[in-house]
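# Summary of structural features
Below are the chains, spelled out letter by letter.
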Amino acid sequence: MEGVYYQHRLGKEINLYLIREPKFKTVSVSLIMYRPLDENSTGNALLPQILKRGCEGFADTKSIEEFLGRCYGASLNVDVFKKGDMQLIYLGSNVISDKYTLKGEGVVSDILGFLVRLITKPLIDETGFKKAYFDQERDNIKRLIDARINDKIHYSIERCYEETTKGQPFSRYKYGDAKELEGITAVGLAEYYKTMLSEVPIDIFVVGDVDIADLKAFLDIPPAVERRDIKYPAQALSPRPADAPREVIESMDVNQGKLTMSYTTGIGYSHESYVPLLVYASILGGGAHSKLFNNVREKASLAYYSFARLEKLKGLMVIGSGIEIANYNKTLEIIEQQLEDMRKGRISKGELEAAQRALINNIHSMKDNKMHITDLIIDRIVSGYWMTPDGLIDRIGRVTREEIVDVAGSVKHAVTYFLTAGEKAPEEGKV
Amino acid sequence: MSISVKEIRMERIRENLFFSKLDNGLEVFILPKKDYSKQFAIFATHFGSVDLKFTVPGQTGTTEVPAGVAHFLEHKLFEEEKGNVFDKFSRLGASANAYTNFTNTAYLFSSTSNFYECLEVLLGFVQRPYFTDENVEKEKGIISQEIRMYDDNGEWRSFFNMLQGLYHRHPARIDIAGTVESISGIDKDVLYTCYNNFYHPDNMAMFIAGDVDINDTLALIGKNTPKGLAERKGSIKRYFPEEPSHVHRERTEQRLAVAQPLFNIGFKDSDVGIKGRDLFSKDIITTVLLEMLFGKGSDLYEKLYGEGLINDSFSFDFVAEVDYSYSILGGESPSPDRLFEIIKETIKSMESQGLREEDFRLARNKLLGRYLKNFDTLEYIASNFIAYHFKGANFLSFVDLLEEIDLRLVKERFEEHIKPCDAALSIVSPQ
């Protein structure tokens, strides 16, 4: 992954990164636009959904699908991602490598050209984005926003973080807010998009069995787009709450309660204690070797899953478990005991080593996944900080128990969120 | 003792597969993946949630077991007399997991170092059951929470409600994990009965992908599987209740805490009892057909998307098992009933003449691209290979079979399989 790596400037702050990995048979292409999470986030979420519907030369789904079919069923995926305080607009494709096409014809360059065309030649006239597409995709985004409740595990994590970071950019849902959607019009969004396109940093990532020569047809024609002052969105750690931990209880008609707890750490991706924090979270709840898995699940049989996970750009951590509603206090007690054991340094050599090995195994494994390779470079760009995988592995191996106890002292409980059934909390819960 | 190995070269996809069958009946497949960091091994038995009534080879009389037993057994194999298996993998820096589906149970690990040690652990724990009254009881709490978690999952509920709509009696209609009630009837004797029958090497297979030495790997497997044990005469008889060809219930609706209705539509396939190459061919023909009928770019997709009846969550698949098979559509829709009507009307009025040669070629291209994508993820190729292997088919023969089919076969399949009278609708709607 650190091997063959090629960076090419396509225009002002439009970069192409080529990561050549001959072991893959298909190629992952990702086009990313970086925006701050702000009052425009709902519009930003809507944009790629409209852009994917067509552009000059590809007026409808039928012509797009015909093109993708000829490119051996290349996919077209669009979405938005939340990376700390940033919202990333994504248009991407997975396409077979030119080396596997039936007649050796080139398809990767065509796909790159197509993705750039979608963003630079959108179907916009004086009435804004094409009405039919705008209306349909606005309805679709509305549904996506509403559908946040469908996955109760994700929903409870989202809600817990939302409560933790109230009033901050990070509290925004990646698809935005249904109320804001009402104020967005086809013409207003088109105007916003034109301005945005001239000032948004754009990166294109290509991972797979591709030589730079294969992309010649694409590289010869620079994206036809006006570029002005390019604005990079800012990134900040989550502030430490001044108040005591809060408890938030939410009711829904569910069979299983979702207990989710958030913590601020003050330690972000570029902090010198980030790697010890990573190991801390792994010992606490990073898999089958962890304290939460073994104590909440294996010993007490209270849950099927119980984990701890970091939000590295924000210095936040979340713990989640799905439990019987009546077991709320009992589970809280066991989770609190695990945190206490971490603070007191009650960590066996086996626990420390298992966590280190699991993390190292994960980092090595990322080299086999095109999206993970892309993601690592994006992390570097949005954080402005670069740890090489080998550097990271080396640091993980050197983390000591003392360092873990040290970071344990920085882990401050912020919010306990419980998704439960019925009108009231199950028992009087104390945090 | 030398182990004979057969090499299967696949020029088109540039892969070589090595195959060996041990005296005890275990079949081993190795796919060398030179440049991958990861090694992936899967040890699977042809025993899934539908196997509830069977006769042991060489015996008379049938055994019936409670629903959820295959999955329960999967959970319990991870427990050993001393310690648990996860700890062993953790110490080796590998991550282990398992899954149970309708027709097989698989144990797997992914490593980036200590591959041979991990393989030994995998072979060891799967062949060393340790069930006690106490540890079986303890697991009921964990599995109950797993079942409860799925009870809140709208997509999962919609899927199983559809299966219950399609099937009168076939056990595919029962949740893989069983129910909280059915698992209460599981004890250690039931587990041992199933174990002794289904975990014989002659009912199991192993697939390994990664940069491993073929001979060392095979020697290690030979050493760690029983030597005196011979392949049993005859095979396990599996009994399924007689299943009428018509659907059990055309419409099922359940209310859950979801934002908007989720749906599944199933088409019951009466062409069952097919194995091996014929089954795989039927699978591919039907998948091409579904792509032509419902794929993005089809007239029907465009109409449904344009009317807002489907969105990007829409997907379709063909499930081809030996004893049952069906086509499935799914996604979110504001009006699943109207969607169902339009689909039924369209296929009723559409004649197979409506299936065009150019669309057939595009669909075939798309399938080729998607198939190649499998090879970029060791987990996919391994689990797919195993699943097809237990159906008597070779997953790596896909490209050859795809090239053999023509539009005539697709048209025949349309006439025979996609019939409004064989369709069932399942809806999970908001409260």
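No experiment lies behind these values; they were computed from the predicted model shown. (Residues numbered from 1 in each chain as written. Chains lettered and ligands numbered in written order. Predicted model: local features only at pLDDT ≥ 70, side-chain atom pairs only at ≥ 80, totals over all residues. Heavy atoms only, no water.)

## Some remarks on the overall build of chain A
In terms of regular secondary structure, chain A is built from 15 helices and 13 strands. Rg of the C-alpha trace for chain A: 23 Å, near the compact-globule value of 22 Å for 431 residues, within the 12% margin. Taken along its principal axes, the extent of the C-alpha atoms in chain A is 60 × 50 × 40 Å. Across the 431 residues that make up chain A, the buried fraction comes to 60%. Surface exposure of chain A reaches about 16700 Å², of which carbon and sulfur atoms provide 51%. Computing the positive centroid from 57 side-chain charges and the negative centroid from 61, chain A places the two 1 Å apart. (Helix = DSSP H or I, 4+ residues; strand = E, 2+ residues; numbered from the N terminus. Rg over C-alpha atoms; globule rule 2.2 N^0.38 Å. Buried < 20%, exposed > 50% of the residue type's maximum accessible area, 1.4 Å probe, protein only. Areas by Shrake-Rupley, 256 points an atom, 1.4 Å probe, with all protein chains shown as cover. Lys, Arg positive; Asp, Glu negative; His and termini not counted. Charge placed at Lys NZ, Arg CZ, Asp CG, Glu CD.)

## Here's the deal with the overall build of chain B
From N to C terminus, chain B includes 15 helices and 15 strands. For chain B, whose C-alpha radius of gyration is 23 Å, the value lies close to the compact-globule estimate of 22 Å for 431 residues. By the burial criterion, 61% of the 431 residues in chain B qualify as buried. Taking contacts inside chain B between residues at least 6 apart in sequence as the whole, the part at least 24 apart equals 80%. (Contact = heavy atoms within 4.5 Å.)

## Some points on the nonpolar core
Residues Met33, Tyr280 and Met317 of chain A together with Phe207 of chain B are the most contacted members of the largest nonpolar core, which totals 196 residues. Among the elements that take part in this core, helix 9 (residues 276-294) of chain B stands out by supplying ten residues, more than any other. By size, the runner-up hydrophobic cluster in this structure holds 60 residues, among which are Leu26, Phe131, Ile186 and Leu191 of chain B. (Core = buried A, V, L, I, M, F, W, Y, C linked by side-chain atoms within 4.5 Å.)

## Details of the environment of Asn101 of chain B
Residues and elements named next belong to chain B. Looking at where Asn101 falls in the secondary structure, it is placed in the loop between strand 7 (95-100) and strand 8 (105-111). Residue Asn101 is classed as partly exposed on the basis of its relative accessible area, which comes to 23%. Only 3.0 Å separates the side chain of Asn101 from the backbone nitrogen of Thr103, close enough to count as a polar contact. (Polar contact = N/O pair within 3.5 Å; in protein donor to acceptor, adjacent residues only side chain to side chain.)

## Digging into the interface of chain B and chain A
Across the contact, 59 residues belong to chain B and 59 residues belong to chain A. Taken together, the two surfaces of chain B and chain A that pack against each other cover about 5200 Å², and 50% of this comes from carbon and sulfur. At the boundary of chain B with chain A, the tally comes to seven salt bridges. Linking chain B with chain A are 34 residue pairs in polar contact (both at pLDDT 80 or more). Contributions of two or more residues to the side of chain B that touches chain A are made by helix 2 (85-91), strand 8, helix 4 (133-151), helix 10 (299-306) and helix 12 (357-374) of chain B. Counting residues per element, the side of chain B that touches chain A draws most heavily on helix 4 of chain B, which supplies nine residues. In the side of chain B that touches chain A, the residues fall into 18 nonpolar, 20 polar and 21 charged. (Buried area = accessible area lost by both parts, 1.4 Å probe. Salt bridge = Lys/Arg side-chain N within 4 Å of Asp/Glu carboxyl O. Nonpolar A, V, L, I, M, F, W, Y, C, P; charged D, E, K, R; others polar.)

## Quick notes on the confidence of the model for chain A
As a note on interpretation, predicted positions should not be read in detail where pLDDT is low. Overall, the predicted model of chain A reaches an average pLDDT of 93, with 97% of residues at or above 70. The model gives residues 426-431 of chain A a pLDDT under 50, and that stretch makes 17 contacts with residues more than four places away or in other chains. (pLDDT = per-residue confidence, 0-100.)

## Regarding the packing of aromatic side chains
Tallied over the entire structure, the rule returns 51 aromatic pairs over all chains. Pairing Phe102 of chain B with Phe160 of chain B gives two aromatic rings, centres 5.8 Å apart and planes at 35°, and the pair type is tilted. Residue Phe102 of chain B is located in the loop between strand 7 and strand 8, and its partner Phe160 of chain B is located in helix 5 (residues 154-166); the two are separated by 58 residues in the primary sequence. Of the residues examined, Phe160 of chain B reaches a relative accessible area of 0% and is grouped as buried. Centre to centre, the rings of Phe280 of chain B and Phe395 of chain B are 6.3 Å apart; their planes meet at 25°, and the pair counts as stacked. With a gap of 115 residues between them, Phe280 of chain B in helix 9 and Phe395 of chain B in the loop between helix 13 (378-389) and helix 14 (398-404) connect regions that are remote in the sequence. Phe280 of chain B gets classed as buried once you look at its relative accessible area, which sits at 2%. Overall, the relative accessible area of 5% leaves Phe395 of chain B in the buried class. Positioned above the aromatic ring of Tyr36 of chain B is the side chain of Lys23 of chain A, whose terminal nitrogen or guanidinium carbon lies 4.8 Å from the ring centre. It is Lys391 of chain B that lies over the ring of Tyr388 of chain B; its NZ or CZ is 4.3 Å from the centre. (Phe/Tyr/Trp six-rings, centres within 6.5 Å; stacked < 30°, edge-to-face > 60°. Lys NZ or Arg CZ within 6 Å of the ring centre and 35° of its normal.)

## Brief notes about the confidence of the model for chain B
Taken residue by residue, chain B gives an average pLDDT of 94. The fraction at 70 or more is 100%. Under the prediction, the complex receives an ipTM of 0.88, its pTM being 0.92.

## Let's talk about unusual backbone geometry
Phi is mostly negative for residues that are not glycine, and the peptide bonds are mostly trans. Residue and element names in this part refer to chain A. Phi angles above zero are rare outside glycine, and Tyr72 is one such case at about 55°. With respect to the element layout, Tyr72 can be found in the loop between helix 2 (61-70) and strand 4 (77-83). Given the relative accessible area of 3%, Tyr72 is considered buried. Although it is not a glycine, Ser301 sits at a positive phi angle of roughly 50°. Inspection of the secondary structure puts Ser301 in the loop between helix 10 (291-299) and strand 11 (303-311). The buried category is assigned to Ser301, whose relative accessible area is 16%.

## Topic: the sheet that holds strand 8 of chain B
Residue and element names in this part refer to chain B. Spatially, 1-2-3-9-4-8-7 is the arrangement adopted by the seven strands of the open sheet, whose pairing is mixed. At either end of the open sheet lies a strand with only one pairing partner, and these are strand 1 (6-10) and strand 7. Strand-to-strand twist in this sheet, taken as the mean axis angle between neighbours without regard to direction, amounts to 15°. In the packing of helix 13 onto the sheet, the strands contacted are strand 2 (15-21), strand 3 (27-32), strand 4 (39-45), strand 7 and strand 9 (204-210), and the crossing angle to strand 9 comes to about 155°. (Pairing = 2+ DSSP bridges. Axes fitted to C-alpha atoms, helices over the stretch in contact; angles between N-to-C directions.)

## As for helix 9 (residues 274-285) of chain A
Residue and element names in this part refer to chain A. Along its twelve residues, helix 9 runs 16 Å from first to last C-alpha, staying within 8% of the 16 Å computed at 1.5 Å per residue. For helix 9, a buried count of twelve out of twelve residues is recorded, marking the element as mostly surrounded by other parts of the structure. Listing the buried residues of helix 9 in full gives Tyr274, Val275, Pro276, Leu277, Leu278, Val279, Tyr280, Ala281, Ser282, Ile283, Leu284 and Gly285. A positive phi of about 140° marks Gly287, the residue just after helix 9. (Expected span 1.5 Å × (residues − 1).)

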